[in-house]
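Given next are the chains, with one letter for each unit.
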Amino acid sequence: MTNTAERTIDTAPATKDEAEDATKEQGTGRRRRMLLVAVAGVLILGLAALVLGGNLFGPAAATEPEPTLTATQIIPLAILVVMFVVATKWPLNIGVMGLVASFAVGYFLLGMNDKEILAEFPASIVLTIIGVTYFFSMAQRNGTIDVVVQSCVRLVRGKTMVLPWVFFLLAAALTALGTFSPAAVALLAPAAIGFAYESRIHPVVMGAFIINGAHAGGFSPLSVAGVLVHNIAEENGFPISQGALFAASFAINLILSVLTIVAFALLGRLREGSAGQHADLDTSAPIRPHGQQILTLVLIAAMLVCTLGFHMPIGFVALSAGLVLALINIKEHQTFIGGISWSTVLLVAGMITYVSLLQHVGVIDTLAEMALALGAPLLIALVLCFVIGIGSAFASSTALLTAFIPMAGPLLATSSLSASGTVAALAVAATVVDVSPFSTDGALVVANAREDDRQRVYRQLMIYAGAVVLAGPVLAWALLVPTGIM
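Source: prediction; values computed, not measured.

J.: Report on the overall build of the chain, specifying residues and quantitative values.
T.: Check the secondary structure of the chain and you find 22 helices and zero strands. Summarising the internal contacts of the chain: among those between residues at least 6 apart in sequence, 81% fall at separations of at least 24.

J.: Explain the nonpolar core residue by residue, including any values.
T.: Formed by 147 residues in total, the largest nonpolar core has its most connected members in I94, F135, F167, M206 and I210. If you tally residues by element for this core, the top one is helix 22 (residues 454–480), at 12 residues. Excluding its chain neighbours within four sequence positions, the residues that come into contact with F167 are V149, V153, L188, A191, A192, F195, M206 and I210.

J.: Explain the side chain of T431 to me, and be specific about the residues and the numbers.
T.: Tracing the chain through its elements places T431 in helix 20 (residues 419–431). Assessed through its relative accessible area of 8%, T431 is described here as buried. Setting aside anything within four residues of it in sequence, one finds T431 in contact with H215, F219 and S397.

J.: Kindly report on the environment of I485, identifying the contributing residues and their values.
T.: Locating I485 in the fold gives a position in the segment after helix 22. Sequence separation between I485 and A248 is 237 residues; the distance between their C-alpha atoms is 9.8 Å. When sequence neighbours within four positions are dropped, the list of residues in contact with I485 reads L479 and L480.

J.: Quick one: what's the story with the environment of F438, residue by residue and with numbers?
T.: By the element assignment, F438 lies in the loop between helix 20 and helix 21 (440–447). Taking the C-alpha atoms as reference points, F438 and A465, 27 residues apart in sequence, are found 9.8 Å from one another.

J.: Before we move on, can you summarise a nonpolar patch on the surface with the specific residues and values?
T.: On the surface, L254, V258, V262 and L266 cluster together into a nonpolar patch covering about 350 Å² of accessible area. As for its placement among the helices and strands, V258 is situated in helix 11 (residues 242–266).

J.: Tell me about the confidence of the model for the chain, residues and numbers included.
T.: Summing up the model confidence of the chain, the mean pLDDT is 80 and the portion of residues at 70 or higher is 83%. In the predicted structure, residues 49–63 sits below a pLDDT of 50 and forms 15 contacts with residues beyond four places in sequence or in another chain. Here residues 274–281 is a poorly scored stretch, pLDDT under 50, and it has 24 contacts once near neighbours within four places are set aside; other chains count.

J.: Can you lay out the packing of aromatic side chains for me, pointing to particular residues and giving the numbers?
T.: In total, this model carries 11 aromatic pairs according to the counting rule given. Plain terms: the ring middles of F167 and F195 are 6.1 Å apart, the flat faces sit at 40 degrees to each other, and that makes the pair tilted. Of this pair, F167 sits in helix 7 (residues 163–176) while F195 sits in helix 8 (residues 181–199), placing them 28 residues apart in sequence. The pair formed by F167 and F195 is uniform in burial state, with each residue classed as buried. Ring geometry for F264 versus Y464: centroids 6.1 Å apart, planes at 55 degrees, classification tilted.

J.: If you had to explain helix 16 (residues 363–372) to someone new, which residues and values would you point to?
T.: Every α-helical turn comprises 3.6 residues, leaving residues that sit three or four positions apart pointing alike. Among the 10 residues of helix 16, seven are classified as buried, and the element is accordingly described as predominantly covered. Those residues of helix 16 that sit buried are V363, I364, T366, L367, A368, M370 and A371.

J.: Help me get a handle on the packing of helix 18 (residues 397–404) against helix 20, residues and values and all.
T.: Helix 20 packs onto helix 18 with a crossing angle of 155 degrees between their chain directions and a minimal axis gap of 9 Å. Taken together, the axes of helix 18 and helix 20 lie roughly antiparallel to each other. Both helix 18 and helix 20 take part in a crossing whose hand is right-handed. Contact residues: helix 18 offers S397, L401 and F404, while helix 20 offers L426, A427, A430 and T431.

J.: Run through helix 20, naming residues and quoting values.
T.: The end-to-end C-alpha distance of helix 20 is 18 Å, a good match for the 18 Å that 13 residues give at a rise of 1.5 Å each. Buried residues dominate helix 20, accounting for 13 of its 13 residues.

J.: Got a sec to walk through the pattern of salt bridges? Specific residues and values, please.
T.: Summed over all chains, the structure comprises one salt bridge. For R456, the salt bridge goes to D453, with nearest N and O atoms at 2.5 Å. Classification of D453 by relative accessible area gives buried; the value is 11%.

J.: Can you break down the side chain of T296 residue by residue, with the values?
T.: As for its placement among the helices and strands, T296 is situated in helix 12 (residues 292–309). Dropping the residues within four chain positions of it, T296 is found in contact with F135, A139, N142, T144 and L325.

J.: Tell me about unusual backbone geometry, and name the residues and values.
T.: Peptide bonds are, in most cases, trans, and in most cases residues other than glycine have a negative phi. Backbone geometry places R200, a non-glycine residue, at a positive phi of 60 degrees. With respect to the element layout, R200 can be found in the loop between helix 8 and helix 9 (203–216). Despite not being glycine, H311 shows a phi value in the positive range, around 55 degrees. Mapped onto the elements of the fold, H311 is located in the loop between helix 12 and helix 13 (314–327). Taking the relative accessible area as the measure of exposure, H311 reaches 67% and is therefore exposed.

J.: Could you give an account of the packing of helix 7 against helix 11, with specific residues and numbers?
T.: Taken N-terminus to C-terminus, the directions of helix 7 and helix 11 make an angle of 160 degrees; their axes are 12 Å apart at the nearest point. Here helix 11 runs roughly antiparallel to helix 7, going by the angle between their axes. Both helix 7 and helix 11 take part in a crossing whose hand is right-handed. Together, W165, F168, L169, A172 and A176 of helix 7 and F246, F250, N253, L254, S257 and V258 of helix 11 make up the contact between the two elements. Among the residues forming the contact of helix 7 with helix 11, the class breakdown is nine nonpolar, two polar and no charged.

About the criteria used
- Residues numbered from 1 in each chain as written.
- Predicted model: local features only at pLDDT ≥ 70, side-chain atom pairs only at ≥ 80, totals over all residues.
- Heavy atoms only, no water.
- Helix = DSSP H or I, 4+ residues; strand = E, 2+ residues; numbered from the N terminus.
- Contact = heavy atoms within 4.5 Å.
- Core = buried A, V, L, I, M, F, W, Y, C linked by side-chain atoms within 4.5 Å.
- Buried < 20%, exposed > 50% of the residue type's maximum accessible area, 1.4 Å probe, protein only.
- Patch = residues over 30% accessible without salt bridge, like charges linked within 9 Å, V, L, I, M, F, W, Y side chains within 5 Å.
- Areas by Shrake-Rupley, 256 points an atom, 1.4 Å probe, with all protein chains shown as cover.
- Salt bridge = Lys/Arg side-chain N within 4 Å of Asp/Glu carboxyl O.
- pLDDT = per-residue confidence, 0-100.
- Phe/Tyr/Trp six-rings, centres within 6.5 Å; stacked < 30°, edge-to-face > 60°.
- Axes fitted to C-alpha atoms, helices over the stretch in contact; angles between N-to-C directions.
- Parallel < 35°, antiparallel > 145°, perpendicular 65-115°, else oblique.
- Left-handed = near helix turned anticlockwise from the far one by under 90°.
- Expected span 1.5 Å × (residues − 1).
- Nonpolar A, V, L, I, M, F, W, Y, C, P; charged D, E, K, R; others polar.

Structure follows, in structure tokens:
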């Protein structure tokens, strides 16, 4: 979690303003605890529905024995729930907990050795994460990203209502090329929120567009999330179309952005102050790429050709491109290494390794059978979208995807639901809710608001996120699952 408020250190005695700030922080903490309790309640009710589903919703005279969890399955499942609760309450990496839990469950409960425990370690996904974050950390540090942003902003020529769409497309392009959504938001939010205040666009609108754009491109065939979801689905026996997943994510985030504009316009909060369509934006000084920036842009184009044209693995291609940049900037090589998203490497590696153990002992299959006992596959898919959406507003979207996508396997095997549509709905439901100020993306938007406006932005982003949590999973399910368009 990222703190959404900043404290100012002062040696003077406590003032009235400081007392008011303390009261606001206490109120924020209470609201957060209430929301966490609500999420825990939803998860408990969902688990209870799965366990008791056969009795509550099944036929009175069942002829087949109902699926039940054994002690060997309940223990690792309970550990998984505890891991999510701990990672939600404290800033601990759930991947580290997953690796430790994999050792504890595999070695002490299942009698497995280290090679068996790590049999499903996601080496290719880990390489992809290292490669793309290594390269794009260099692109950010050598100013290439800033050049692209400034060039795009100059193209609007003062038409400020086009700015949110510019940043939407910029964020989508960054994540489609392999940048993580929090990294894309972190790169763009300072400039975007600054332009929002200058042009009197509501900062929540601008923040929502950056986050939606990051998720719009976040499941491209080149992105880590896209590769992750595709590999998990393929390993569980229901391969999906990477192009369809990308198109679905882009389309739904585009629709959400349009709905955001409409909603804020109807509420009269789209623009603030009395500025007209043109504001005094500083677009007079063009920034031309030079030196390493030109080389970086050429390497990005080469990466696209290699991965899309020749189907080379993005991890190796990105590492190769990063090495070229490192060779011409040896002195800063250690800085570039530090730009690799090691926390995400740990998260993905730990969660996939642990979920593979759950599959090994049959937890995923048993839970899926319990869900199928509820009846209608469409209803089950909707429940899964809601649970993963609500959970992702507070916990890691990537971690939840690694846990929930395998559960869709038996559902897809025993129904006529589209594999690509169902998995895409789960992926979109897990990510669109990251506008929550409790998620990294939402917290970055709040952190970049003006200090005297930060509390207002936090409150209004919280309201907006609540609407997205309710509407986003339903929209994803309605457009992708019943329609069968994928």
